[in-house]
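Observations on chain architecture
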Amino acid sequence: MRRTAAAVAALVLAGTGLGMVAAGTATAAGTGATACPTGWGSGDKGGAAAGAVPLKTVRAGRHDCFDRLVFDVPGGGTLGYSVRYVDRLHQLASGDYIPVGGGAVLDVRVGAPAYDPASGTPAYPGRAGRPLPGVDVSGYSTFRDTRFSASFEGETQIGLGVRARLPFRVIQLPDQLVVDVAHTW
């Protein structure tokens, strides 16, 4: 009876440990370090990115395993997007080169114009070649620079400078698009 109870207890504890690792909440033995997700990859993600509901804000955040850029588009529903690494950022429509700091550059295109399509008035105050308004990435582990590129035919383009070509993921939420870039491979 004792052997059976001990075996069951060991299995329960082992299963709990595996569940914690799968959930990404386990810590390295004795270090207190958070286990970070893997498998995101650095290949192109998304597809067509045109939309009709204007971009409201862009904001950044830091997490234990990644840096995050969030695009808020109230009333936009599920947003189209395209995110990919490029050697150099070239502006939508004009093709003009926009310098972006960092060891690698993500070309982020969101299906939301930076203007009101009905009136043409600006909805998001980005200016070509300038850092994103209100987004300060100094002190971030992975992010190095942000640059507004352009908004053309229902699509807004942002250049995101990162430390190196690192894995990233894109999450579509109602009225938001989230780009997470991992701190390490």
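Residues numbered from 1 in each chain as written. Predicted model: local features only at pLDDT ≥ 70, side-chain atom pairs only at ≥ 80, totals over all residues. Heavy atoms only, no water.

Notes on the overall build of the protein chain
Check the secondary structure of the protein chain and you find one helix and eleven strands. Secondary structure elements of the protein chain occur, N-terminal to C-terminal, as α-β-β-β-β-β-β-β-β-β-β-β. The buried share among the 185 residues of the protein chain stands at 39%. If you take every contact in the protein chain between residues at least 6 apart in sequence, the share linking residues at least 24 apart comes to 65%. (Helix = DSSP H or I, 4+ residues; strand = E, 2+ residues; numbered from the N terminus. Buried < 20%, exposed > 50% of the residue type's maximum accessible area, 1.4 Å probe, protein only. Contact = heavy atoms within 4.5 Å.)

Concerning the sheet that holds strand 7 (residues 104-110)
With antiparallel pairing, five strands are arranged side by side in an open sheet as 1-4-7-9-8. Edge strands, defined here as strands with exactly one partner in the open sheet, are strand 1 (45-46) and strand 8 (143-152). By the bridge criterion, two bridges tie strand 1 to strand 4 (residues 81-86) in an arrangement that is antiparallel. Bridged to G46 within strand 4 is S82. (Pairing = 2+ DSSP bridges.)

Points about the sheet that holds strand 2 (residues 57-62)
Read from one edge of the open sheet, four strands run 2-3-11-10, paired in antiparallel fashion. The sheet is open, and its two borders are formed by strand 2 and strand 10 (168-173), each paired with just one other strand. Taking the axes of each pair of neighbouring strands and ignoring which way they run, one obtains an average angle of 15° across the sheet. For strand 2 and strand 3 (residues 66-72), the ladder comprises six bridges, and the chain directions are antiparallel. Following the sheet pairing, R62 is matched in strand 3 by D67. (Axes fitted to C-alpha atoms, helices over the stretch in contact; angles between N-to-C directions.)

Examining the environment of P99
Summarising the element assignment, P99 is placed in the loop between strand 6 (97-98) and strand 7. Residue classification places P99 among the partly exposed residues on the basis of a relative accessible area of 49%. Spatially, the C-alpha atoms of P99 and D145 are 9.8 Å apart, while their sequence positions differ by 46 residues.

Digging into the environment of A123
Within the secondary structure, A123 sits in the loop between strand 7 and strand 8. The exposure class assigned to A123 is partly exposed, which follows from its relative accessible area of 31%. Sequence separation of A123 and K56 is 67 residues, and the distance between their C-alpha atoms is 6.2 Å. Setting aside residues no more than four positions away along its own chain, A123 makes contact with P54, L55, K56, A114, Y115 and D116.

Here we look at the side chain of D72
With respect to the helices and strands, the residue D72 is situated in strand 3. Taking the relative accessible area as the measure of exposure, D72 reaches 12% and is therefore buried. Side-chain polar atoms of D72 contact the side chain of T57, separated by 2.7 Å. Filtering out sequence-adjacent residues up to four positions away, D72 remains in contact with L55, K56, T57, R59, D175 and Q176. (Polar contact = N/O pair within 3.5 Å; in protein donor to acceptor, adjacent residues only side chain to side chain.)

Some details on the packing of aromatic side chains
Considering all chains together, one arrives at four aromatic pairs under this definition. Seen from their ring centres, Y85 and F168 are 5.6 Å apart, and the 75° between their planes marks the pair as edge-to-face. Highlighted residues: Y85 in strand 4 and F168 in strand 10, separated in sequence by 83 residues. Relative accessible area serves as the criterion here: at 8%, Y85 is assigned to the buried category. You can call F168 buried: its relative accessible area is 0%. For the ring pair Y124 and F148, a centre distance of 6.0 Å and an interplane angle of 35° mean the geometry is tilted. In this pair, Y124 is assigned in the loop between strand 7 and strand 8 and F148 in strand 8, connecting sequence segments 24 residues apart. Neither Y124 nor F148 differs from the other in exposure class; each is buried. Against the face of F168 rests K45, its NZ or CZ located 3.8 Å from the ring centre. Across from the ring centre of Y97, 3.7 Å away, lies the NZ or CZ of R88, which sits over that ring. (Phe/Tyr/Trp six-rings, centres within 6.5 Å; stacked < 30°, edge-to-face > 60°. Lys NZ or Arg CZ within 6 Å of the ring centre and 35° of its normal.)

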